[in-house]
Amino acid sequence: MKPFLSFVLKEFRQIFRDRRTLLILLGMPLMLVLLLGYAIKTELNDARVAFYDPSKDDVTLRIAERFRASAYFTVVRDLEGPDDIHRVFQEGDAGLVLVFSEHFADDLLRGGAAVQLIADGTDPNQASMMTAYAQGVLASCQAELMGQHRVPMQIAVETRMLYNPQMESAYNFVPGVMGVVLMLICAMMTSVAIVREKETGTMEVLLASPMRPLQIILAKATPYFVLSAANIATILLLAVLVMGVPIRGSLCWLTVVSALFVLVALALGLLISTLVSSQMAALLVSGIGLMMPTLIFSGLIFPIESMPAALRWIPDFIPARWYISAVRKIMIEGVGVDCFVQELGIIALMAVVLAAVALKKFHVRLS
């Protein structure tokens, strides 16, 4: 029994000496519980809504105030005309627009008035949730008005899903799958390929060759760039021919955005390769450090607006968040470059910064 206890104590000492193992054993469960239990929320919170109110009477203003007081919605704009409806969606300022009929209060006193709910259908689940919550607020307002005036009043609600009237879920998931696949192929595989050379001792042989370190890195990254381009083409063909997802925008701009995102993923893979010394560690860091934040904080599955305010800054540093947003705008909404210039600029900036940091750390590690 004593030898057994000695071995157990030895294992405990080794675990407590290795800070990385201790961090995985104690820190990772805490991080996952906080992220999965606190950040992931399926209910609606702070959904951005805009109003187009040609009537501007007491009743419509009262309904607007009810939406402003609701914890489920954040009123971002009052639109001036019908042309602003498409613009507010294309610029990403709102996910839902309420359109009131003219002479809304007079029509309501006569028995019925109309409200149109126009939602951004690129994310069908989020759009359905927003319209359902909005109908609940309108129903509450209707009951309150009927109780005050003691006459029958009916608010007729018409729902319209912009860009995706059939509510196809593929419209939402295809751009997200593109971001996840590119991150998987580029970042994980690049980090593993470079670490494999260091782990097997062949990196010194490569560095002794006439090629410069930068050329070696580019040679390592080029096959994954080409494979990523093939993956993009395959996904787009399947999306269009099999799933019926349209490409309403410019294929050229879609290619540019995808190429920049691939560069970001390659730079992340190179950066990971400078931080770890084994293939298994590279897979763990890539899988946990990149894949899980991409799935949770990119807006692919869980809406960013529904996350707690303390965590909403995290998606700003997730490259896939900006890439998925840009791809949705190009493929589903068919907008011009002026509507996704923010996403394009942020992805390009991330590519430059990450590539510079990764190359610098790589040269320092080699020296």
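Not measured: the values here are computed from a predicted model.

Per the counting criterion, the structure on display carries 1 cavity of 30 Å³ or more. Size it by volume and the largest cavity reaches roughly 30 Å³. The wall of the largest cavity is formed by V59, R62, I63, R66, C141, E144 and L145. Where the lining of the largest cavity is concerned, the elements lending two or more residues are α3 (58–69) and α6 (124–149).

The next subject is α3. One turn of an α-helix holds 3.6 residues; hence residues three or four places apart share an orientation. For α3, built from 12 residues, the straight-helix expectation of 16 Å at 1.5 Å per residue is met to within 8% by its first-to-last C-alpha distance of 16 Å. Listed as buried for α3 are V59, T60, I63, A64 and F67. Here the buried residues of α3 occupy an arc of 140° about the axis, which is enough to place them on one side. Counted as exposed and oriented over 90 degrees from the buried face of α3: D58 and A69. In this structure D57 caps α3, since a side-chain oxygen of it lies 3.1 Å from the backbone nitrogen of V59.

With 77 residues, the main nonpolar core has V97, M178 and M331 as its most contacted residues. It is helix α7 (residues 170–200) that contributes the most residues to this core, 14 residues altogether. Apart from the residues within four sequence positions on either side, M331 is in contact with V174, M178, L236, V245, P246, I247, R248, G249 and L254.

This brings us to the side chain of S55. Considering the arrangement of structural elements, one finds S55 in the loop between β1 (47–52) and α3. Assessed through its relative accessible area of 19%, S55 is described here as buried. Engagement of the side chain of S55 in a polar contact is seen with the side chain of D57, the distance being 2.2 Å. When sequence neighbours within four positions are dropped, the list of residues in contact with S55 reads T60, S101, E102, H103, F104 and A105.

Given a rise of 1.5 Å per residue, 19 residues ought to cover 27 Å, and the 26 Å separating the end C-alpha atoms of helix α11 (residues 279–297) matches this to within 8%. Of all bends in α11, the biggest is about 25°, found at G287. Looking at α11, one finds that the buried residues are A282, S286, L290, M291, P293, T294, I296 and F297. Following α11 by one or two positions, G299 has its phi on the positive side, about 85°.

Once that is clear, we can look at the pairing of strand β4 (residues 112–120). Counted residue by residue, β4 has 7 buried out of 9 residues, so it is predominantly covered. Where strand β3 (residues 96–100) and β4 come together, 5 bridges link them in antiparallel fashion. Bridge pairing in β4 links F100 to V115. Strand direction decides the pairing type here: β4 and strand β5 (residues 154–162), joined by 9 bridges, are parallel. Each bridged residue has a counterpart across the sheet, and for A114 the counterpart in β5 is A156.

Before going further, it helps to examine the packing of aromatic side chains. One pass over the structure, following the stated rule, counts 8 aromatic pairs. Ring centres 6.1 Å apart and planes at 75° place the aromatic pair W253 and F340 in the edge-to-face group. Taken as a pair, W253 in helix α10 (residues 251–275) and F340 in the loop between α12 (319–333) and α13 (341–366) lie far apart in primary sequence, 87 residues in all. Accessibility expressed as a relative area gives 1% for F340, which makes it buried. Put simply, the rings of F51, F67, F73, F100 and F104 touch in pairs and so form one group of aromatic residues. Here the guanidinium or amino end of R321 rests over the ring plane of W322, the centre of that ring lying 4.2 Å away.

Once that is clear, we can look at the sheet that holds β5. The mixed open sheet is built from 5 strands, whose spatial order is β2-β1-β3-β4-β5. Only two strands of the sheet have a single neighbouring strand rather than two, namely β2 (73–79) and β5. Neighbour-to-neighbour, the strand axes of this sheet turn through a mean angle of 25°, independent of strand direction. Running at roughly 140° to β2, α3 makes contact with β1, β2, β3 and β5 of the sheet.

Another point: unusual backbone geometry. Of note, the phi angle at K56 is positive, near 50°, even though the residue is not glycine. With relative accessibility at 56%, the residue K56 sits in the exposed group. Phi angles above zero are rare outside glycine, and M167 is one such case at about 60°. Assignment of secondary structure puts M167 in the loop between β5 and α7. Given the relative accessible area of 28%, M167 is considered partly exposed.

The subject of this paragraph is the packing of α7 against α10. Packing of α7 against α10 brings their axes to within 8 Å, and their N-to-C directions diverge by 35°. In this structure, α7 crosses over α10, and the sense of that crossing is right-handed. In this structure, α7 uses M178, G179, L182, M183, C186, A187, T190, S191, I194, V195 and K198 to contact α10, whose residues at the interface are S258, F261, V262, A265, L266, L268, G269, L270, I272, S273 and T274. Of the residues belonging to the contact of α7 with α10, the class tally is 14 nonpolar, 7 polar and 1 charged.

So, how was this worked out
- Residues numbered from 1 in each chain as written.
- Predicted model: local features only at pLDDT ≥ 70, side-chain atom pairs only at ≥ 80, totals over all residues.
- Heavy atoms only, no water.
- 1 Å grid on protein atoms, 1.4 Å probe; cavity = no way out; pocket = protein on both sides within 12 Å on 5 of 7 lines; lining within 4 Å.
- Points joined across faces, edges and corners; volume = space filled by probe spheres on them.
- Helix = DSSP H or I, 4+ residues; strand = E, 2+ residues; numbered from the N terminus.
- Expected span 1.5 Å × (residues − 1).
- Buried < 20%, exposed > 50% of the residue type's maximum accessible area, 1.4 Å probe, protein only.
- Arc of directions from axis to C-beta.
- Polar contact = N/O pair within 3.5 Å; in protein donor to acceptor, adjacent residues only side chain to side chain.
- Core = buried A, V, L, I, M, F, W, Y, C linked by side-chain atoms within 4.5 Å.
- Contact = heavy atoms within 4.5 Å.
- Bend = angle between axes of the 7 residues up to and from the residue.
- Pairing = 2+ DSSP bridges.
- Phe/Tyr/Trp six-rings, centres within 6.5 Å; stacked < 30°, edge-to-face > 60°.
- Lys NZ or Arg CZ within 6 Å of the ring centre and 35° of its normal.
- Axes fitted to C-alpha atoms, helices over the stretch in contact; angles between N-to-C directions.
- Left-handed = near helix turned anticlockwise from the far one by under 90°.
- Nonpolar A, V, L, I, M, F, W, Y, C, P; charged D, E, K, R; others polar.

Any functional reading would require information that these geometric values do not contain.
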